[in-house]
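Descriptive structure summary
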Amino acid sequence: MCIRDSQSIETAIQNGLKRGSLLGYPLMNVRVIVEGGKYVVSRSNPIVFEMLTAQIMQQLLTKCEPQLLEPVVDMEISAPPEYMKDILHDILTNKRGRLIDMLEEVSKFGGNTNMRNILKVVVPLVETIGYSTQVRSITKGEATFSMKFKQFEFVGTSKQAEILENPYNLSLIHISEPTRLLSISYAVFCLKKKNN
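Report on the accompanying structure. (Residues numbered from 1 in each chain as written. Predicted model: local features only at pLDDT ≥ 70, side-chain atom pairs only at ≥ 80, totals over all residues. Heavy atoms only, no water.)

All right, on to the overall build of the protein chain then. Helix and strand counts for the protein chain stand at six helices and six strands. Secondary structure elements of the protein chain occur, N-terminal to C-terminal, as α-β-α-β-α-β-β-α-β-α-α-β. Residue pairs at least 24 apart in sequence account for 76% of intrachain contacts in the protein chain once pairs closer than 6 positions are excluded. As displayed, the protein chain offers around 12800 Å² of accessible surface, 54% of which is attributable to carbon and sulfur atoms. (Helix = DSSP H or I, 4+ residues; strand = E, 2+ residues; numbered from the N terminus. Contact = heavy atoms within 4.5 Å. Areas by Shrake-Rupley, 256 points an atom, 1.4 Å probe, with all protein chains shown as cover.)

A few words now on helix 4 (residues 131-139). For helix 4, the complete set of buried residues consists of Tyr131, Val135 and Thr139. Down the axis of helix 4, the sector holding all buried residues measures 55 degrees, keeping them to one side. In helix 4, the exposed positions that point more than 90 degrees away from the buried face belong to Thr133 and Ser137. Phi turns positive one or two residues past the end of helix 4, at Lys140, with a value near 55 degrees. (Buried < 20%, exposed > 50% of the residue type's maximum accessible area, 1.4 Å probe, protein only. Arc of directions from axis to C-beta.)

The next thing to look at is the packing of aromatic side chains. Applying the stated rule across the entire model yields two aromatic pairs. Judged by centre distance (5.2 Å) and plane angle (80 degrees), the ring pair of Tyr131 and Phe145 falls under edge-to-face. Residue Tyr131 is found in helix 4, and its partner Phe145 is found in strand 5 (residues 144-154); the two are separated by 14 residues along the sequence. Given the relative accessible area of 26%, Phe145 is considered partly exposed. (Phe/Tyr/Trp six-rings, centres within 6.5 Å; stacked < 30°, edge-to-face > 60°.)

Bringing the pairing of strand 3 (residues 98-109) into the picture now. In this sheet, strand 4 (residues 112-124) lies alongside strand 3 in antiparallel orientation, the contact comprising 11 bridges. Among the inter-strand pairings, Phe109 is bridged to a residue of strand 4, identified as Asn112. (Pairing = 2+ DSSP bridges.)

Okay, the environment of Ser107 next. Examined against the element boundaries, Ser107 turns out to sit in strand 3. Excluding anything up to four places from it in sequence, Ser107 contacts Asn112, Thr113 and Asn114.

Right, let's talk about the side chain of Asp90 for a bit. Here Asp90 is to be found in helix 3 (residues 84-94). An unpaired buried charge is present at Asp90: no salt bridge exists, and Lys95, the closest side chain of opposite charge, is 4.8 Å distant. (Lys, Arg positive; Asp, Glu negative; His and termini not counted. Salt bridge = Lys/Arg side-chain N within 4 Å of Asp/Glu carboxyl O.)

This brings us to the pairing of strand 4. Where strand 2 (residues 66-79) and strand 4 come together, eight bridges link them in antiparallel fashion. If you follow Ile77 over to strand 4, its bridge partner there is Leu119. The hairpin formed by strand 3 and strand 4 contains two residues between the paired strands, and Gly110 there has a positive phi angle of roughly 65 degrees.

Purely geometric stuff here, so don't read any function into it on its own.
Here is the structure:
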């Protein structure tokens, strides 16, 4: 096999990883090793190598059980203690969030003492759309929150099945025009390693 043929194979592999097997989104954390192959010189050319490699990549990517990932954020919510139960319930049941920690904060300003609780949670980014309005509604305007990107995590088996069943239903993935960043929420995939 000549260098130009191996470049055709590499190109087809890269293209396969860019397209992915679920909804055509790119794959990450994937390593491809070509261990060898047979070919006939008179019937081989770069286009044939590229086409065959693309077919093999599609078959392999379908068999390796890809997982849909979504960005998650660390979120800190500060509110008076009387609202913590409602906020925590909303995060855990409606936002697919996980509780990390809950702290008390006492601040003194002049003669006033102000008691607040700080809730540290991890929430999928897509679930934070409109959260400012929701948390203000729950706490009558007394809560504040901040968030920062943490990592990409698996959406979960049932959520992935729901998205794949109806991939063009935008209400499932909550994409809105002003928040273009969220359009990548479900655009990253990862291949799950099979246990041997």
